[in-house]
Amino acid sequence: MSDIWTPGSTPKQPSGGIELPKGFARRRSDEEKTQQAEQPVAPVPEPAVAPPRQRQGGRGQDFLFPPTGVQVQCPSCGTPFTAAVFSIVDLGGNPELRQPLLGGQINMAVCPSCGAGGPLSAPLMVHDPENEFLGVLVPSQARLQDMQMQKVIGEMSQALMRRLPNEARRGYMLQPKQYFDWESFLEPFWGFEGVTPEDLRRQRDQGELIDSLVRLANDETAMRMVLDRKQQLVDENLFAMLGQVMQAYAAQRQEENLAAMRNVRQYLLDSTEAGAKIKVLEDKLREALARIRPEMGREELLDVLLDYWSTGSEGERIVTTILSMTRGLVDYEFLMAVAGRIEQATDEEIRADLMELREVILSMSQQQNNSREAMMQQAQAVLQEVLQSANPEEKLREYADAVDELFLSLLATNIQQAEQKNATFAVKRLRIIYDAAMRILQEGMPDDIRLLNQILMAEDENSVRSLLKENRTMLTPDFVAALRELEERFRGEGSAEMADRIKAVRAQVSLMM
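Please read these numbers as outputs of a predicted model, since none were measured by experiment.

Visitor: Quick question: what am I supposed to make of the pairing of strand 7 (residues 133–137) here?
Guide: In terms of burial, strand 7 is a largely internal element, 5 of the 5 residues being buried. Burial along strand 7 is two-sided: F133, G135 and L137 facing one way and L134 and V136 facing the other are all buried. Summarising the sheet, strand 6 (residues 124–128) and strand 7 pair through 5 bridges and their orientation is antiparallel. Residue pairing in the sheet places M125 in a bridge with V136 of strand 7. Both strand 7 and strand 8 (residues 177–179) contribute to a ladder of 3 bridges, which runs parallel. When the sheet's bridge partners are listed, V136 is paired in strand 8 with Q178.

Quick look at the structure:
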């Protein structure tokens, strides 16, 4: 039940009666498509940003050049919606946008109705001062004449220069490199990360191999013929790509595609050398995770991590997996425990292991913070669009895919701030948007997810009992298994009180079946 939101990850709730929901599921249709949505978009003008830099809800860093909203129409189902479009990204001012850029999340449109999505054909300038690089993407689909293109690039360059201090302006910025497709545009940025064009080509070939195998998932003979020609592409990276695609299908509830991917993965595990190695690693990982108990303390968790960290590269991968699954324990107190061990260590090898482990924890924490910061800023951009609309709910439905727990968290924070300032009109308008966001979330939830969320949001045991009686037909072994999975998740994240509550609900459900 990956669609359940962990309440412990939310900011402090506002005092004015707005409660953050204790669960949610992103709005998705039953028949989502994955075809690209390359939409021609008119050149985006220089963002209207007045100094000082625009604040994004008073939280974290700012966008030096905030995105603007552009109306697009889904090529698959025809639904019109608004997408956030960047025209300039300065990685010096907003380093947290580097990973979204590399991950293809910048200037990407996803239809809120059918899930079809792809890159928008909007000009984009990216400045990377660390690597003294300035590049401009002008997609061929934008259909700009050469004079138009040079005018757009000139306006972008001037906008960038005006926002940079004199000492930050360099000669390389006078001649930005031009690109006409996303693949070639991202190559230099991947190069700065140590990824070569050959690596990228191999990844593309592996993606095509996965597509071929999925189409042939029910024909082992045909799969074998394809693999005989492409055996050199089957490695750990291909399995990692498979995992990412499977996660996306699971999140979008594309059960047929997910089942095909599972068949392909199992076939590769059973029939390839790389698959055999992955099997061994997965067995070790299962053994390691079996050592992690809900009641485990930080010192004991640190002992387990050190046991695996010293076993080489496989051990390091096991450690990073454990860390990602025990975020409730990996906190400031845990880092203090690591620091204490470093001070007490007399063995230089153990001391070195502890210091490396601390760096890994800090790096993972920073990546999570940067990712959340970028998402928060995008949520703020959506909120600004909705606030400025004459019909907030209609505008919010255009951004339905962005309505999630982070957006609700941002709304609740804004409501709290408006209440503290006695801004009555702002509070009323924000509450209207909040109620609309909750309706959108509820509309898109499958029945079982909706019931789970209602249980988590229930005020007392009587309310829970009433919900279970009203939905008795949904109380199945699968529902009990979902509750057990949810309970384990909360315990792993350190939310023992919520885990105990779900355990009690699970007992009630078992008795009523």
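Visitor: Please clarify how the nonpolar core should be interpreted in this entry.
Guide: Burial of nonpolar side chains together is a common tendency in soluble globular proteins. L383, L396, F407, L411 and A437 are the most contacted members of the largest nonpolar core, which totals 25 residues. In terms of residues, this core owes the most to one element, helix 15 (residues 424–444), which gives 9 residues. Look past the residues within four positions of L383 in its chain and what remains in contact with it is F407, L410, L411, N414, L430 and I433.

Visitor: Please explain the packing of helix 7 (residues 255–271) against helix 8 (residues 273–290) as it appears in this structure.
Guide: Helix-helix packing is characterised by the crossing angle of the two axes and by the distance between the axes. Relative orientation of the contacting elements helix 7 and helix 8 amounts to 100 degrees, with a least axis distance of 6 Å. The angle between the axes of helix 7 and helix 8 places the two elements in the roughly perpendicular class. From helix 7, R265, Q266, L268, L269 and D270 reach across to helix 8, where they touch G275, A276, I278, K279 and E282.

Visitor: Mind showing me how you'd approach the pattern of salt bridges here?
Guide: Two side chains that carry opposite charge are able to pair once their charged atoms sit near each other. Scanning the model with the defined rule gives 22 salt bridges in all. Of the charged contacts, one joins K151 and E155 as a salt bridge, the two residues approaching to 2.6 Å between their closest N and O atoms. Of this pair, K151 and E155 are both found in helix 2 (residues 146–163), 4 residues apart, which corresponds to roughly one turn of the helix. A relative accessible area of 35% means that E155 is categorised as partly exposed. Here the salt bridges share partners, and the residues they tie into one network are R98, D128 and E130.

Visitor: Where do I start with helix 10 (residues 313–325) in this structure?
Guide: Owing to its 3.6 residues per turn, the α-helix brings residues three or four apart onto one side. In this model, helix 10 (13 residues) spans 19 Å end to end at C-alpha, consistent with the 18 Å of a helix rising 1.5 Å per residue. Taken together, the buried positions of helix 10 are G315, I318, V319, I322 and L323. When helix 10 is viewed along its axis, its buried side chains cluster within an angular range of 135 degrees and face the same direction.

Visitor: Whenever I open this one, helix 7 confuses me. Can you help?
Guide: Counted at 1.5 Å a residue, the expected span for helix 7 with its 17 residues is 24 Å, and the 24 Å between its end C-alpha atoms agrees. Listed as buried for helix 7 are L258, A260, M261, V264, R265, Y267, L268 and L269.

Visitor: When you look at the pairing of strand 6 in this model, what are you seeing that I'm missing?
Guide: Two faces, one strand: in a regular strand the side chains alternate between the faces of the sheet. Counted residue by residue, strand 6 has 5 buried out of 5 residues, so it is predominantly covered. The alternating pattern of strand 6 places L124, V126 and D128 and M125 and H127 on opposite faces, both of which are buried. Relative to strand 6, strand 3 (residues 88–90) runs parallel, the two being bridged by 3 bridges. When the bridges of strand 6 are listed, I88 appears paired with M125.

Visitor: Quick question: what am I supposed to make of the sheet that holds strand 8 here?
Guide: In a beta sheet, neighbouring strands pair by backbone hydrogen bonds and run either parallel or antiparallel. Pairing within the open sheet is mixed, and its 4 strands lie in the order 3-6-7-8. Strand pairing shows two members of the sheet lacking a second neighbour, strand 3 and strand 8, which therefore form its edges. Ignoring strand direction, the axes of neighbouring strands in this sheet form an average angle of 15 degrees. Most of the contacts of helix 2 go to strand 6, to which it runs at about 40 degrees, and overall it touches strand 3, strand 6, strand 7 and strand 8.

Here is what the cut-offs are and how they apply
- Residues numbered from 1 in each chain as written.
- Predicted model: local features only at pLDDT ≥ 70, side-chain atom pairs only at ≥ 80, totals over all residues.
- Heavy atoms only, no water.
- Buried < 20%, exposed > 50% of the residue type's maximum accessible area, 1.4 Å probe, protein only.
- Helix = DSSP H or I, 4+ residues; strand = E, 2+ residues; numbered from the N terminus.
- Pairing = 2+ DSSP bridges.
- Core = buried A, V, L, I, M, F, W, Y, C linked by side-chain atoms within 4.5 Å.
- Contact = heavy atoms within 4.5 Å.
- Axes fitted to C-alpha atoms, helices over the stretch in contact; angles between N-to-C directions.
- Parallel < 35°, antiparallel > 145°, perpendicular 65-115°, else oblique.
- Salt bridge = Lys/Arg side-chain N within 4 Å of Asp/Glu carboxyl O.
- Expected span 1.5 Å × (residues − 1).
- Arc of directions from axis to C-beta.

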